[in-house]
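Structural features, examined
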Protein chains: 2
Amino acid sequence: MTAPTALAIVGVGKIARDQHLPSIARNPAFDLVAAASRNARLDGVENFTTAAEMFEAMPGIEAVALCMPPQARHAIAADALGRGKHVLLEKPPGATLSEINHLAHLAEACGVSLFATWHSRFAPGVEPARDWLAGKSIRSVRVDWMEDVRHWHPGQDWIWEPGGLGVFDPGINALSIVTRILPEPVWLTSAELSFPENRAAPIAARLRFEGGSDLTAEAIFDWRQTGPQTWDIAVETDEGKLVLSAGGATLAIDGAVVSEAPEAEYDGIYARFAELIAKRQSDVDISPLRHVADAFMLGRRQIVEPFHDHAGDGH
Amino acid sequence: MTAPTALAIVGVGKIARDQHLPSIARNPAFDLVAAASRNARLDGVENFTTAAEMFEAMPGIEAVALCMPPQARHAIAADALGRGKHVLLEKPPGATLSEINHLAHLAEACGVSLFATWHSRFAPGVEPARDWLAGKSIRSVRVDWMEDVRHWHPGQDWIWEPGGLGVFDPGINALSIVTRILPEPVWLTSAELSFPENRAAPIAARLRFEGGSDLTAEAIFDWRQTGPQTWDIAVETDEGKLVLSAGGATLAIDGAVVSEAPEAEYDGIYARFAELIAKRQSDVDISPLRHVADAFMLGRRQIVEPFHDHAGDGH
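Here the structure is a predicted model, which means the values were calculated and not measured.

The rules behind these values
- Residues numbered from 1 in each chain as written.
- Chains lettered and ligands numbered in written order.
- Predicted model: local features only at pLDDT ≥ 70, side-chain atom pairs only at ≥ 80, totals over all residues.
- Heavy atoms only, no water.
- Least-squares fit on C-alpha atoms with pLDDT ≥ 70 in both.
- Buried < 20%, exposed > 50% of the residue type's maximum accessible area, 1.4 Å probe, protein only.
- Helix = DSSP H or I, 4+ residues; strand = E, 2+ residues; numbered from the N terminus.
- Arc of directions from axis to C-beta.
- Contact = heavy atoms within 4.5 Å.
- Core = buried A, V, L, I, M, F, W, Y, C linked by side-chain atoms within 4.5 Å.
- Expected span 1.5 Å × (residues − 1).
- Phe/Tyr/Trp six-rings, centres within 6.5 Å; stacked < 30°, edge-to-face > 60°.
- Lys NZ or Arg CZ within 6 Å of the ring centre and 35° of its normal.

Let us look at the relation of the copies chain B and chain A. Once turned by 180° and shifted 0.0 Å along the axis, chain B lies on chain A with an RMSD of 0.0 Å. Taken together, the turn and the small shift mark the pair as related by a two-fold rotation axis.

This is the structure we're talking about:
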């Protein structure tokens, strides 16, 4: 067995603590050696305020996981790639398509691995769903992705800023699954985006797509859902109906559950990152973010009632 | 000499009459045989109301130029490619990035040529500018693209609808030049978009970009300019300053005009289309539209005073 990869993490917020750190701790391919965060500190590793300070102080860092908001990701990713480090990007991989395009070329030029992750693609039902749909004729796709933003993003102001994507931050998870499981591409034909009058990002969206062979798809994203949360994708085919629910954890065919497993998305992500590093390959699929950019470009905007975050950090 | 390509045109509006028809008439590689338009009729060719009727009635059509608004382009382009016809797309090539991606794959699968045109790239100063900038270190780029929408787009409602792009319809011409002449890529870092309160598309935009090696770029698009019209791109390098003005017609280096020629953009487009068809190649560079999609996704929106088109067709 080769020595573990010396890994650093940048951005020690909710997603890092909830998901990245436990999965890194469970994976013997990685040795977490440092963290960079404006405010937070991690026990047991070297801590820095900025990524640049960290890279200067610890040249032995071989790979870095970027978990801060997407608006700040490109500059640090480009710096890390230029220093010959492998880079893992939380989703969405950046604030623009063009900057990700640039990072992909840079990773290739520098001979290191860039991994633009889509954690929902590692939900346990996704690969079985892809396998079942392969070769079948798809009639329609329906996505319902409805959750309570106050519960899932308490006080996260960046998500309402330009580049934060609003409801597309969870919605892109659905798009990352759809683009993985469908055997043919789809393209947006219309969209309506609902912007709270006091916010720069949408709180809800309705998207319509077409695909080859008369496939139609519709997606409803809504951040105003209290009570039960819904993360469902239903696909009608000429040989039956597939439903992925609970964000991809449960797969049912014609009403019968055929696959159900505990969530282990980030374990899958770090296993894949180790594999990419070993092979010096990159994995950068921008199609989920391309659909989001298309929705912002083609979508009709409507203004809805203001959103106030009552969760407690100043709103 | 081989026989001319039997060409049809779809969408007989202002751009078709002003630009496409004269250039087609001057190019012996093409024989215009038919037109499809909801309202207009062309003398000397077969006329149809829809492209589908035209393709059914005249299977000998070998190539088609699509000049209608971008929102309607994909369905007809996919139909034409599937029937084995070469396709030329007016700019912008479509309403979404994903649909163009689909068309590019379809053209390859069908063994025909797809040409996503950017007419400003055929302005006479563009290739000399690209040649002069090659290998130079770029410090900054400044784009000023300011025109009077009432003069250039009288009564064109589609341009204010979702997918019509508003001021990005001319602005994308500047972006098509910038992406052609710069020796390195740029990516958007911030944008402000000004939407008239009664319109679904922006009337003005301010974009900021970065590039490798500390390059910065700024673009100002504004549709409210009366009086002299401005279509200028200035590039500061470590070896002097380049200015492309009049939309790319005039090239000056350090204040001295080095290239000035009459506009012949569409002659260049049809010469290139003939070359692509002869070689069964495609030319689909989506980078200008990708920057626009990035601007819609990352841009901060502000509402400005309503826009009323006094030019006469019902507003």
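On to helix H5 (residues 126-133) of chain A. Residue and element names in this part refer to chain A. Here H5 has its buried residues at Val-126, Ala-129 and Leu-133. All buried residues of H5 lie within an arc of 60° about the axis, which places them on one face of the element. For H5, the secondary structure elements touched by its buried residues are strand E7 (138-146), helix H7 (168-181), strand E11 (230-237), strand E12 (240-245) and strand E13 (250-253). In the segment just after H5, Gly-135 is the residue with positive phi, at about 85°.

Now for the nonpolar core. Residues Phe-168 and Phe-221 of chain A together with Phe-168 and Phe-221 of chain B are the most contacted members of the largest nonpolar core, which totals 115 residues. With residues up to four places along the chain from it excluded, the contact list for Phe-168 of chain B reads Leu-193, Pro-202, Ala-205, Leu-207, Phe-221, Val-292, Ala-295 and Phe-296 of chain B.

What follows is about helix H9 (residues 287-298) of chain B. Residues and elements named next belong to chain B. In this model, H9 (12 residues) spans 16 Å end to end at C-alpha, consistent with the 16 Å of a helix rising 1.5 Å per residue. By the criterion of burial, H9 is predominantly enclosed, with 12 of the 12 residues buried. For H9, the full list of buried residues reads Ser-287, Pro-288, Leu-289, Arg-290, His-291, Val-292, Ala-293, Asp-294, Ala-295, Phe-296, Met-297 and Leu-298.

So, about the packing of aromatic side chains. Enumeration over the complete set of coordinates arrives at 20 aromatic pairs over all chains. Between the aromatic rings of Tyr-270 of chain B and Phe-273 of chain B, the centroid separation amounts to 6.5 Å while the plane-to-plane angle is 75°, which identifies the pairing as edge-to-face. Linking Tyr-270 of chain B with Phe-273 of chain B, this pair stays in helix H8 (residues 265-279), spanning 3 residues, or about one helical turn. Of the residues examined, Tyr-270 of chain B reaches a relative accessible area of 0% and is grouped as buried. Ring pairing ties together the aromatic residues Phe-30, Phe-115, Phe-122, Tyr-270 and Phe-273 of chain A, which thus form one cluster. In this structure, Lys-136 of chain A packs its charged tip against the face of Trp-132 of chain A, placed 4.1 Å from the ring centre.

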